[in-house]
Amino acid sequence: MIARTIEWKDNKVLMIDQRELPAKYEMLTCSTYYEVIDAIKNMAIRGAPAIGVAAAYGMALAAHSINTKNKSDFLNRLKKAKIALSSSRPTAINLFWALEEIWKGVVSSDEPVDELKKKILLKAESLAQDDIKTNYLIGEYGSTLFQDGDRILTHCNAGSLATVFYGTALGVIRSAFKEKKNIKIYIDETRPVLQGARLTAWELQIEEIPVTLICDSVAGFLMYQKKIDKVILGADRIAANGDIANKIGTYSISVLAKTHNIPFYVAAPTSTIDFNIEDGKGIPIEEREPLEVTSIMGKKIAPDHINVYNPAFDITPNENITAIITEYGIAEPPYIKTLNTLLTKNKR
Ligand code: MRU
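Residues numbered from 1 in each chain as written. Predicted model: local features only at pLDDT ≥ 70, side-chain atom pairs only at ≥ 80, totals over all residues. Heavy atoms only, no water.

> Help me understand the environment of methionine 223, please; the structure alone is not making it clear to me.
As for its placement among the helices and strands, methionine 223 is situated in helix 8 (residues 219-224). The exposure class of methionine 223 is buried, given its relative accessible area of 2%. Residues methionine 223 and asparagine 261, spaced 38 residues apart in sequence, show a C-alpha to C-alpha distance of 9.4 Å. For methionine 223, the residues in contact, after removing those within four places along its chain, are Leu153, Ile228, Val231, Ile253, Leu256, Ala257, His260 and Ile262. (Helix = DSSP H or I, 4+ residues; strand = E, 2+ residues; numbered from the N terminus. Buried < 20%, exposed > 50% of the residue type's maximum accessible area, 1.4 Å probe, protein only. Contact = heavy atoms within 4.5 Å.)

Here it is, written out as C-alpha cells:
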C-alpha cells in the first residue's frame, strides 16, 4: 500500500518527493519553512490538499524557529512566514485556506508564545488527519455513482499523493474498487508534468486497480468509440457558481464528455470551495516555466528560444459538470445554491 504523502517527525516535515516518481522513490526532509516553500514551488509536493497541509506544517516549522517570548514580535515574524508560504503557488485555494486556519487560532488566542507554538503544530496535525477522513467520506459518497462495468477516465493525479492519504477522485475509485465494483480506469498522461503517467498510473498499479495509460489526445477518440462511461477528477479551486480550476486539459475533457453525453464528476473537499470568487474568471491561473514544455524529464524536445505558453490549470464552467462530490455529500446544479446548502447544513 502507498505510504502517507506528508508527516511531521522529530520536528521536521517529511514528504514523498514526487519529482522523480516512479523511477525513484525518495523522502524529502524539510527542516525550515523556506524548504517547504521550495518543495511546493518545485512540485516535490503537489496537489491541492497536499500543498495545504504542507503549508500548515511550514507554519509549524516557522513557529518553532522563532526565538522570542515577546508575543507581538512572534506574531510579526510568523506573519512574514505566512506571506512567504502563501506566495508558493497561486491557484489551489487549499494552501491559503490552511494558512488562514492556522493563523485564526493564533491571533485569537491569549496564550504565551510557547503554548502558541504547540497549538500551531496541533492544528497542522489535525488538518492532516481531517484531510484523510475527508477523503474517505468523498470516496464513500462518490462510489455510489459508479456501477459494475464502468470504464472511467481520470486526469492528472487527484490521488493519495495529491492529499495526505487516499485521494479525492482516486479515493472514489479506491472505494468503488474496495466495494468490489468491476471498474476499469483510463488515465491521461497529463502533459507537461505527467502526473497521470508518473503518479496516478503508479498509485493504481500498486493497488492492482486495472488501469490503462493514454496520451492526452486519445481521450476524445475513446469517447467516440464509446469506451468511456464516466469522467472523474479533482479541483484546485471551485468558485461559488461551481466553475472549477483544475489541471490543464480538464476543460477539453469536459467539452468532450458533454459532446458524448458522458457524466463528468469533480471530487474535492469543501476547503477547495472559494465563496469569495463568483465564477471561474476570478480564479488566478498559475503559469509555469517554459522548460516544462520544451523538455521531458530533462531531455530537450523543442528548439531553443521557442515561445512557450504553459498554464498549469484551466477553468471548466459549471454547465459541463454533472456533480461535485464533497465530504458532506454530492452537489448537483445549480451549484450556487447546492454548494452553499451543503456548507450551511454542515457548518464549516
Ligand atoms: O500542478 P498540480 O500537480 O499540483 O495539479 C494538481 C491537480 O490539478 C489536481 O487535480 C488537484 O490539485 C486536485 S488533487 C486532489
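So much for the structure itself; the text now carries on.
> I tried to follow the pairing of strand 1 (residues 6-9) on my own but got confused; where do I start?
Residues Ile6 and Trp8 point to one face of strand 1 and are all buried, whereas Glu7 and Lys9, pointing to the other face, are not buried. Alignment of strand 1 against strand 2 (residues 12-17), held across four bridges, turns out to be antiparallel. Residue pairing in the sheet places lysine 9 in a bridge with lysine 12 of strand 2. Linking strand 1 to strand 2, which pair antiparallel, is a turn of two residues; within it aspartate 10 sits at a positive phi near 50°. (Pairing = 2+ DSSP bridges.)

> I tried to follow the packing of helix 5 (residues 113-143) against helix 6 (residues 169-178) on my own but got confused; where do I start?
A packed helix pair is summarised by two numbers, namely the angle formed by the two axes and the spacing between the axes. In the contact formed by helix 5 and helix 6, the axes pass within 7 Å of each other and the chain directions differ by 65°. The interaxial crossing formed by helix 5 with helix 6 has right-handed handedness. Residues Tyr136, Ile138, Gly139, Glu140, Gly142 and Ser143 of helix 5 form the contact with helix 6, whose own contacting residues are Gly171, Val172, Ser175, Ala176 and Lys178. Broken down by class, the residue content of the contact of helix 5 with helix 6 amounts to four nonpolar, five polar and two charged. (Axes fitted to C-alpha atoms, helices over the stretch in contact; angles between N-to-C directions. Left-handed = near helix turned anticlockwise from the far one by under 90°. Nonpolar A, V, L, I, M, F, W, Y, C, P; charged D, E, K, R; others polar.)

> Could you clarify how one ought to interpret the pairing of strand 10 (residues 264-267) in this entry?
Looking down a regular strand, the side chains alternate between one sheet face and the other. Taking every second residue as pointing to the same face, both faces of strand 10 are buried, with Phe264 and Val266 on one and Tyr265 and Ala267 on the other. Of the strand pairs in this sheet, strand 7 (residues 230-233) and strand 10 are connected by three bridges, and their pairing is parallel. Bridged to valine 231 within strand 10 is phenylalanine 264.

> Help me understand the sheet that holds strand 6 (residues 211-214) in this model?
The strands making up a sheet are joined through hydrogen bonds of the backbone, oriented either antiparallel or parallel. With mixed pairing, seven strands are arranged side by side in an open sheet as 6-5-4-7-10-15-16. Strands with a single pairing partner mark the edges of an open sheet, and in this sheet they are strand 6 and strand 16 (329-331). Pairs of neighbouring strands in the sheet enclose a mean axial angle of 25°, with direction left out of account. The pairing of strand 15 (residues 323-326) with strand 16 spans three bridges and is classified as antiparallel. Pairing of isoleucine 324 across the sheet is with alanine 331, part of strand 16. Strands in contact with helix 5 are strand 10, strand 15 and strand 16; relative to strand 15, the strand with the most contacts, it is inclined by about 140°. Seen against the sheet, helix 7 (residues 195-206) touches strand 4 (151-154), strand 5 (184-188) and strand 6 and runs at an angle of roughly 160° to strand 5.

> Help me understand the site of the ligand in this model?
Around the ligand sit 18 residues in total, of which Arg46, Arg89, Asp236, Asn246 and Lys247 are the nearest. At 2.9 Å from an oxygen atom of the ligand is found a main-chain nitrogen or oxygen belonging to glycine 47. Here an oxygen atom of the ligand and a side-chain polar atom of aspartate 236 are 2.8 Å apart. When the ligand is considered free in solution it has 410 Å² of accessible area, and contact with the protein chains removes 99% of it. Mapped onto the shell around the ligand, the elements with two or more residues apiece are helix 2 (48-65) and strand 9 (244-247). Here the residues of the shell around the ligand are counted per class, giving eight nonpolar, six polar and four charged. Of the domains in this structure, domain 1 (6-136) and domain 2 (145-346) are the two that each give at least three residues to the shell around the ligand. (Near = heavy atom within 4 Å. Polar contact = N/O pair within 3.5 Å; in protein donor to acceptor, adjacent residues only side chain to side chain. Areas by Shrake-Rupley, 256 points an atom, 1.4 Å probe, with all protein chains shown as cover. Domains from an automatic or database assignment.)

Everything listed here is a matter of coordinates, which is why it stays silent on function.
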